[in-house]
Amino acid sequence: MSVSLRDRIKSRAYALGFDLVGIALAQPSPHAAKFTAWLEAGYAGTMAYMAREPERRQDPRNVLNGARSVVSVGLSYYTLRLPDDILNDPSRGIISNYAWGADYHDLMLPRLKALAAFIQAEAGGAVATRAYVDTGPLLERDVAVQAGLGFTGKNTCLIHPRLGSYLFLGEVLTDAEIAPDPLPSSSVGCGRCTRCLVACPTEAFVSPYVLDSRRCISYLTIELRGPIPRELRPLMRNRIFGCDICQEVCPWNLRFARPAREPLFRPVDLNRAAPPLLDLIGLDEAGFHARFGGTPVMRAKRRGLLRNVAVALGNWGAPQAIPALIQALHDPEPLIRGHAAWALGQMDDQRARAALAAALKVETDEMVIAEIRGVLNSQGD
Ligand code: SF4
Ligand code: SF4
């Protein structure tokens, strides 16, 4: 019974558009202790939700009472590798590949729910199911490895030996008994490669397989809600939403990543993947929604994205950015004003200094005042 049920579930998952599917026993995560140590070291930064309900995160049976099986799925979102002249153009902001198209939650959750309904129908009798896309209290990557979807790379991503690592993961937990897939060969892995560890611009890897999120550009540009630590801002260069560098350099992606089947993940045009910074810094709330509504970029909110854009403009350091940054000193959001002040401080320009001195006279927010003073004091005004 179990094997044929497994095959029917997998066929259905592929028919729903998933690229990978595997089935694991619902059992405690083998890396639960390491995850706890990672949290205790503070590497999750301000992502307090990761520390919530640790017992649920460490064992799927604590998420769904009586769970016996986890169906793990992967959906490729890779579209293309941006040309180096675009990636390295400081006047453009680079958006992470996963955020070029539709929000994957909107795409994956209905399909996972359809798969859950299929399991209920096929298993016969009353079986419980629960579907998750990265919002659930699960160690998703561990589950995916146990379900045979790939191995964990030193860059902490799940890597499939024939698809690479540009994958969204999701799960259906169920108390139905389904024969698990065999684990992949342990001989497949990173070997002696260290490319991702070397390439990371912020040195966010404490060691292979251990990421200090507090230094990771993905965390800084998406998850962090407050000011970006000043010492890390120059290292972010032109990455304004997420960062793919440790995936871009990975030989598994260079060799195997191929364009996703899902058309909704494809960029509308280059300006979606690498928009000119000056097109973004003046966006008001309506403009932000018009441009990024329905995409993962919404997670950063306008204030988070424009904070990142201001940092990238400062890293660009071009005189043509000065008027827009001076304008941003008057933005309603202190977070944007503060980072615009820092960016103007990178310009070494008389107009910029005069605008900062004028802004200081009317500024009331402590964080912004500190940013402006930091610039003016360092420039001797
Ligand atoms: Fe480093 Fe970027 Fe990878 Fe984060 S996403 S670890 S910043 S290379
Ligand atoms: Fe592993 Fe090398 Fe890929 Fe890093 S770049 S994840 S070390 S194979």
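Quantities reported herein were computed from a predicted structural model and do not represent experimental measurements.

Bringing the environment of Trp-100 into the picture now. With respect to the helices and strands, Trp-100 occurs in the loop between strand E3 (94-95) and helix H5 (104-123). A sequence separation of 171 residues divides Trp-100 from Asn-271, and the C-alpha atoms of the two residues are 9.7 Å apart. A distance of 3.4 Å separates a polar atom in the side chain of Trp-100 from the backbone oxygen of Ser-96.

The next point concerns the site of ligand 2. Taken together, Gly-153, Lys-154, Asn-155, Ile-159, Cys-190, Cys-193, Arg-195, Cys-196, Cys-250, Pro-251 and Trp-252 make up all the residues around ligand 2. Of all the secondary structure elements, the ones that give two or more residues to the shell around ligand 2 are helix H7 (195-199) and helix H10 (251-256). Its residues placed into classes, the shell around ligand 2 shows 7 nonpolar, 2 polar and 2 charged.

Moving on, we get to the nonpolar core. Ile-9, Val-71, Leu-115, Phe-241, Leu-305 and Leu-325 are the most contacted members of the largest nonpolar core, which totals 103 residues. Setting aside chain neighbours within four positions, we find Ile-9 in contact with Ile-23, Val-71, Leu-115, Phe-118, Ile-119 and Ile-178. With 9 residues, the next largest nonpolar core counts Ala-24, Leu-158, Leu-167 and Leu-169 among its residues.

Close contacts around ligand 1 come from Cys-200, Pro-201, Thr-202, Ala-204, Phe-205, Leu-211, Cys-216, Ile-217, Ser-218, Cys-243, Ile-245 and Cys-246, and that covers them all. Residues belonging to the shell around ligand 1 are distributed by class as follows: 10 nonpolar, 2 polar and no charged.

Within the structure shown, the criterion is met by 13 aromatic pairs. Plain terms: the ring middles of Tyr-98 and Phe-241 are 6.1 Å apart, the flat faces sit at 45 degrees to each other, and that makes the pair tilted. Taken as a pair, Tyr-98 in the loop between E3 and H5 and Phe-241 in strand E10 (residues 239-241) lie far apart in primary sequence, 143 residues in all. Aromatic ring contacts, followed pair by pair, group Tyr-77, Tyr-78, Tyr-98, Tyr-104, Tyr-166, Phe-168, Phe-241 and Phe-265 into a single cluster.

Moving on, we come to the packing of helix H17 (residues 350-362) against helix H18 (residues 366-378). The geometry of H17 relative to H18 is characterised by a closest axis approach of 10 Å and an angle of 140 degrees between their N-to-C directions. Put simply, H17 runs oblique to H18. Considering how the two elements wind past one another, H17 and H18 form a crossing that is left-handed. Counting all contacts with H17, which are made through Arg-353, Leu-356, Ala-357, Ala-359 and Leu-360, the residues of H18 involved are Ile-369, Ile-372, Arg-373, Val-375 and Leu-376. For the contact of H17 with H18, the class distribution of residues is 8 nonpolar, no polar and 2 charged.

The next thing to look at is the pattern of salt bridges. Summed over the entire model, instances satisfying the criterion amount to 19 salt bridges. Between Asp-212 and Arg-214 there is a salt bridge, with its nearest N and O atoms 2.9 Å apart. Using a relative accessible area of 10% as the deciding quantity, one classes Asp-212 as buried. Overall, the relative accessible area of 36% leaves Arg-214 in the partly exposed class.

Rules of the game
Residues numbered from 1 in each chain as written. Chains lettered and ligands numbered in written order. Predicted model: local features only at pLDDT ≥ 70, side-chain atom pairs only at ≥ 80, totals over all residues. Heavy atoms only, no water. Helix = DSSP H or I, 4+ residues; strand = E, 2+ residues; numbered from the N terminus. Polar contact = N/O pair within 3.5 Å; in protein donor to acceptor, adjacent residues only side chain to side chain. Near = heavy atom within 4 Å. Nonpolar A, V, L, I, M, F, W, Y, C, P; charged D, E, K, R; others polar. Core = buried A, V, L, I, M, F, W, Y, C linked by side-chain atoms within 4.5 Å. Buried < 20%, exposed > 50% of the residue type's maximum accessible area, 1.4 Å probe, protein only. Contact = heavy atoms within 4.5 Å. Phe/Tyr/Trp six-rings, centres within 6.5 Å; stacked < 30°, edge-to-face > 60°. Axes fitted to C-alpha atoms, helices over the stretch in contact; angles between N-to-C directions. Parallel < 35°, antiparallel > 145°, perpendicular 65-115°, else oblique. Left-handed = near helix turned anticlockwise from the far one by under 90°. Salt bridge = Lys/Arg side-chain N within 4 Å of Asp/Glu carboxyl O.

By themselves, these are just geometric observations and shouldn't be taken as functional.
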